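Residues per chain are reported as follows:
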Amino acid sequence: MTATPIAPTSADHELYPSRGFLHDTWVIARRGLLHMRRQPEQLSDATIQPVMFVLLFAYVFGGAIDVPGGGEYRQFLMGGIFAQTVVFTAFGVALSLASDRKNRAIDRFRSLPIARGALLGGHALTSLLKALLPITLMSLCGLLIGWRIESSLPEAIAGYVLLTSFAFAMIWVGILLGSVIATPEGVTGIAFSLLFPITFMASTFVPTSTMPGPLRVAAEWNPVTTLADALRILFGNPNTPIAVGDPWSIAHPILYTALWIVAIVGICAPVGVRAYEKSLAK
Amino acid sequence: MLPSTHGAATSPTTPSEAGFGVFARGLVKRFGAMTALAGVDLEVPTGTVTAILGPNGAGKTTAVRILTTLSEADEGRAVVAGFDVRSHAREVRRRIGFTAQDATVDPLLTGRENLVMLGELHQLPRAEARARADALLADFSLDDAADRLASTYSGGMRRRLDLAATLVGQPAVLFLDEPTTGLDPRARSELWAVLDTLVTRGTTVLLTTQYLDEAERLANDIVVIDHGRVIARGDTRGLKRALGGDQVHVALVDGADLEVAARVVRGVTGRDVSIDAGARTVVAPTLDGLPALLRVAAGLSEAGVAVEDLGLRQPSLDEVFLTLTGKPADGDSAEAQAQEAS
């Protein structure tokens, strides 16, 4: 910085140079990780909930659901549960932004000489790390109930990369929601009335082929469907066989999902950052 | 210098800003239809303490938020620690410490973790951040609680941690928004003692308060604001003089002595006395302080009046506002509401 003081003060002593965006982001992220460790109950949406869904669908509903093209339901289920869980990443981010604003902790951070964007960067980084936790837990839980990755190592890695990238995209959705919605309570409301249905109107738990006309079309173009399908393909799990008349999204689930990730980040990141800054500048 | 009265908020002159930790001219801030600040001038000479005194919703917090770069003024300009808050927010942030009205320490972090984190965000090297955290924990008698979560702290401890957190960056200018609101008397006087030390070290402080005794105890200068306007300002003594000084307060054992006591008090202070028959009290303002009190005591003793309580008291904020505006401070929470709603 080349700023010259208008009127130097006597106490203009040791001023350390800026340590940069990455340093500040990491300090804020570390705070988020400590919060996670000190409030394990807050992690239930990322831990107990997905595990519960795995068990519920595997043992309660699973017996009644047929996988078209054959194959075991538990193998089919895991791709869907992975997809649903990363969509909910958005909820955690939105909630932590709204809480920080509510208790005004944000004011102290904003009066500090930290790099522009580091506050949001720290939240995003914490959320990304937090998203890895349920992915790991569910993989282990899946293995316990008999799920297996039947594909090659590069394909499996590609599956996890796609999953993590989708989580990254959902973080920006969360930043947008958390900035636009005023209170933590409001965030919870929206999460359950918006995110929840979206994750169910998809091939998450059942094949889309059983759904009635318009709903089936919505489900076929829903990126949650294609994410679940893409994961099933990449992990070598049973998936509804792709037929000739299927829409493009269903025929190319990996590419279609990747395009969604790019689009979500491309739109929600700039809009979300602006909404976030606006939500603070009061 | 005697305080100026109504309408003296904006000055067309632009004196040199050098030598001021805080220098603001014509600050205006609106929240929708509500005007929180209607043109406020502030100046805090380097190394001194200024208190902004006013009721809830007067605009105190809004002013502090503008000066600490948290909020932008709609009009006017402010220079803090030598830098314009609008154009050089980051340079300002490097040089200030800010304690908000509600403690903003992180309850899920320990006292030490809070201070180290804020030190690092003040761009200190990690070792330096740790060293400063240790020193501050000791200074604020928090070393025993250093590794406990801040959520387990008492209100007074949390406030002390909050203040320590404000000092991590060794600020040139310190902003304290109602530092003792909600504290019990003991925690309050502890905090005052800490602030005294800071002031003797030469830190420039701008604090807001609802209490005249706090302003008088801590500040060199007092700015009284009401409905977003400065209604009086001056050094503590001058302002207090303008407000009528201290009050001689006499409580009697027997209500029958009220007339006699009133005559004695009037004789000493030469001012109108107010008599409360129900409470059996006689109150009158005085500029002479202790000598006046001693003369009242002697007079009452001579007249053979049995006294239950006798003392010098500060006028309350309500009485200050009564003197300045002719009406009591209305607890108008428009500012608070606007802050809530935003």
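Residues numbered from 1 in each chain as written. Chains lettered and ligands numbered in written order. Predicted model: local features only at pLDDT ≥ 70, side-chain atom pairs only at ≥ 80, totals over all residues. Heavy atoms only, no water.

A. Molecular detail of the overall build of chain B. Helix and strand content of chain B: twelve helices and 14 strands. Across the 342 residues of chain B, 57% fall into the buried class. Element-wise, carbon and sulfur atoms account for 50% of the exposed surface of chain B, whose accessible area totals about 13,600 Å². (Helix = DSSP H or I, 4+ residues; strand = E, 2+ residues; numbered from the N terminus. Buried < 20%, exposed > 50% of the residue type's maximum accessible area, 1.4 Å probe, protein only. Areas by Shrake-Rupley, 256 points an atom, 1.4 Å probe, with all protein chains shown as cover.)

B. Examining the pattern of salt bridges more closely. All chains considered together, the criterion is met by 27 salt bridges over all chains. As a salt-bridge pair, arginine 116 of chain A and glutamate 277 of chain A come within 3.5 Å of each other at their nearest N and O atoms. Note that arginine 116 of chain A is positioned in the loop between helix H5 (105-110) and helix H6 (118-144) and glutamate 277 of chain A in helix H12 (residues 253-280), a separation of 161 residues in sequence. By relative accessible area, arginine 116 of chain A is classed as exposed at 69%. Exposure remark for glutamate 277 of chain A: the relative accessible area of 33% places this residue in the partly exposed category. Here arginine 159 of chain B ties to aspartate 162 of chain B by a salt bridge, and the two come within 3.8 Å at their closest N and O atoms. (Salt bridge = Lys/Arg side-chain N within 4 Å of Asp/Glu carboxyl O.)

C. Region of the structure containing the confidence of the model for chain A. All names here are of chain A. Per-chain confidence: chain A averages 85 in pLDDT, with 95% of residues scoring 70 or above. By mean pLDDT, the top-scoring element of chain A is helix H7 (residues 153-180) (94), and the lowest-scoring one is H5 (82). The model gives residues 1-12 a pLDDT under 50, and that stretch makes 23 contacts with residues more than four places away or in other chains. (pLDDT = per-residue confidence, 0-100. Contact = heavy atoms within 4.5 Å.)

D. Structural view of the environment of isoleucine 157 of chain A. All names here are of chain A. With respect to the secondary-structure elements, isoleucine 157 resides in helix H7. According to the relative accessible area criterion, isoleucine 157 is partly exposed, its value standing at 46%. Measuring from C-alpha to C-alpha, the distance between isoleucine 157 and leucine 234 comes to 8.5 Å, with 77 residues separating the pair along the chain.

E. Up close: the interface of chain A and chain B. In this assembly, 42 residues from chain A lie in contact with 49 residues from chain B. Together chain A and chain B conceal approximately 4,200 Å² of surface at their shared face, both sides included; 56% is due to carbon and sulfur atoms. Joining chain A to chain B, the criterion identifies five salt bridges. Its salt-bridge partner being arginine 108 of chain A, residue aspartate 162 of chain B comes within 2.2 Å of it at the nearest N-O pair. Viewed at the interface, chain B and chain A are joined by 17 residue pairs in polar contact (both at pLDDT 80 or more). Taken together, the elements giving at least two residues each to the side of chain A that touches chain B come down to helix H1 (20-38) and H5 of chain A. Among the elements that make up the side of chain A that touches chain B, the one with the highest residue count is H1 of chain A (ten residues). By residue class, the composition of the side of chain A that touches chain B is 19 nonpolar, eleven polar and twelve charged. (Buried area = accessible area lost by both parts, 1.4 Å probe. Polar contact = N/O pair within 3.5 Å; in protein donor to acceptor, adjacent residues only side chain to side chain. Nonpolar A, V, L, I, M, F, W, Y, C, P; charged D, E, K, R; others polar.)

F. Representation of the domain arrangement of chain B within the structure. When cut into domains, chain B gives domain 1 (15-95 + 171-239) and domain 2 (246-313). Placing the centre of domain 1 of chain B and that of domain 2 of chain B at their C-alpha centroids yields a distance of 37 Å. (Domains from an automatic or database assignment.)

G. Up close: the pairing of strand S4 (residues 75-80) of chain B. Residue and element names in this part refer to chain B. With five bridges connecting them, strand S1 (residues 20-31) and S4 associate as antiparallel partners. Note that in S4 the partner of valine 22 across the bridge is valine 80. Note: S4 against strand S5 (residues 83-84), two bridges, orientation antiparallel. Within the sheet, the bridge partner assigned to valine 79 lies in S5 and is aspartate 84. (Pairing = 2+ DSSP bridges.)

H. Looking closely at the sheet that holds S1 of chain B. Residue and element names in this part refer to chain B. On the basis of which strands lie adjacent, the open sheet formed by four strands has the order S2-S1-S4-S5 and antiparallel pairing. Strands with a single pairing partner mark the edges of an open sheet, and in this sheet they are strand S2 (34-45) and S5. Helix H1 (residues 60-67) contacts S1, S2 and S4 of the sheet and is inclined by roughly 120° relative to S1. (Axes fitted to C-alpha atoms, helices over the stretch in contact; angles between N-to-C directions.)

I. Representation of the environment of arginine 31 of chain A within the structure. Within the secondary structure, arginine 31 of chain A sits in helix H1. For arginine 31 of chain A, a relative accessible area of 5% gives the class buried. For the pair arginine 31 of chain A and phenylalanine 166 of chain A, spaced 135 residues apart in sequence, the C-alpha separation works out to 24 Å. Polar contacts involving the side chain of arginine 31 of chain A include one to the side chain of aspartate 106 of chain B, which spans 2.6 Å.

J. Quick peek at a nonpolar patch on the surface. Residues and elements named next belong to chain A. A cluster of nonpolar side chains, namely Ile48, Met52, Leu55, Leu56, Tyr59, Val60 and Phe61, defines an oily patch on the protein surface of about 660 Å² accessible area. Position of tyrosine 59 among the secondary structure elements: in helix H2 (residues 48-61). Classification of tyrosine 59 by relative accessible area gives partly exposed; the value is 48%. (Patch = residues over 30% accessible without salt bridge, like charges linked within 9 Å, V, L, I, M, F, W, Y side chains within 5 Å.)

K. Geometry of unusual backbone geometry. All names here are of chain B. You will see that glutamine 123, though not glycine, has its phi angle at about 75°, which is positive. As for its position among the elements, glutamine 123 is in the loop between helix H3 (111-121) and helix H4 (126-139). The backbone of arginine 280 shows a phi angle near 55°, a positive value even though the residue is not glycine. With respect to the helices and strands, the residue arginine 280 is situated in the loop between strand S12 (274-276) and strand S13 (281-286).

L. Seen up close, the packing of aromatic side chains. For the structure shown, the criterion picks out 23 aromatic pairs over all chains. Measuring from centroid to centroid gives 4.8 Å for phenylalanine 57 of chain A and phenylalanine 61 of chain A, while their planes differ by 40°, and the two rings are tilted. Of this pair, phenylalanine 57 of chain A and phenylalanine 61 of chain A both sit in helix H2, four residues apart, roughly one helical turn. Accessibility expressed as a relative area gives 9% for phenylalanine 57 of chain A, which makes it buried. Relative to phenylalanine 196 of chain A, the ring of phenylalanine 192 of chain A has its centre 5.5 Å away and its plane inclined at 40°; by these criteria the two rings are tilted. You can see phenylalanine 192 of chain A and its partner phenylalanine 196 of chain A sitting in helix H8 (residues 184-200), four residues apart, about one turn around the helix. By the ring-pair criterion, three or more aromatic residues cluster together here, those being Phe53, Phe57, Phe61, Phe88, Phe91, Phe192, Phe196, Phe200 and Phe205 of chain A. In this structure, arginine 188 of chain B is placed above the aromatic ring of tyrosine 211 of chain B, and the distance from its NZ or CZ to the ring centre is 4.5 Å. (Phe/Tyr/Trp six-rings, centres within 6.5 Å; stacked < 30°, edge-to-face > 60°. Lys NZ or Arg CZ within 6 Å of the ring centre and 35° of its normal.)

M. Expanded view of the side chain of histidine 249 of chain B. Residues and elements named next belong to chain B. With respect to the helices and strands, the residue histidine 249 is situated in strand S11 (residues 246-252). Looking at histidine 249, the relative accessible area reads 13%, which means it is buried. With sequence-adjacent residues up to four places away left out, histidine 249 is seen in contact with Thr281, Val282, Val283, Asp309, Leu310, Gly311 and Arg313.

N. Here's a closer look at helix H10 (residues 223-234) of chain A. Residues and elements named next belong to chain A. Over its twelve residues, H10 extends 16 Å from the first C-alpha to the last, a length consistent with the 16 Å expected when each residue adds 1.5 Å. Judged by how many residues are buried, H10 sits mostly within the fold: eleven of twelve residues are covered. Burial in H10 covers these residues: Pro223, Val224, Thr225, Thr226, Leu227, Ala228, Asp229, Ala230, Leu231, Arg232 and Leu234. Close packing links the buried residues of H10 with helix H3 (73-87), H7, H8, helix H9 (213-221), helix H11 (248-251) and H12. Just beyond H10, the residue with positive phi is glycine 236, at close to 70°. (Expected span 1.5 Å × (residues − 1).)

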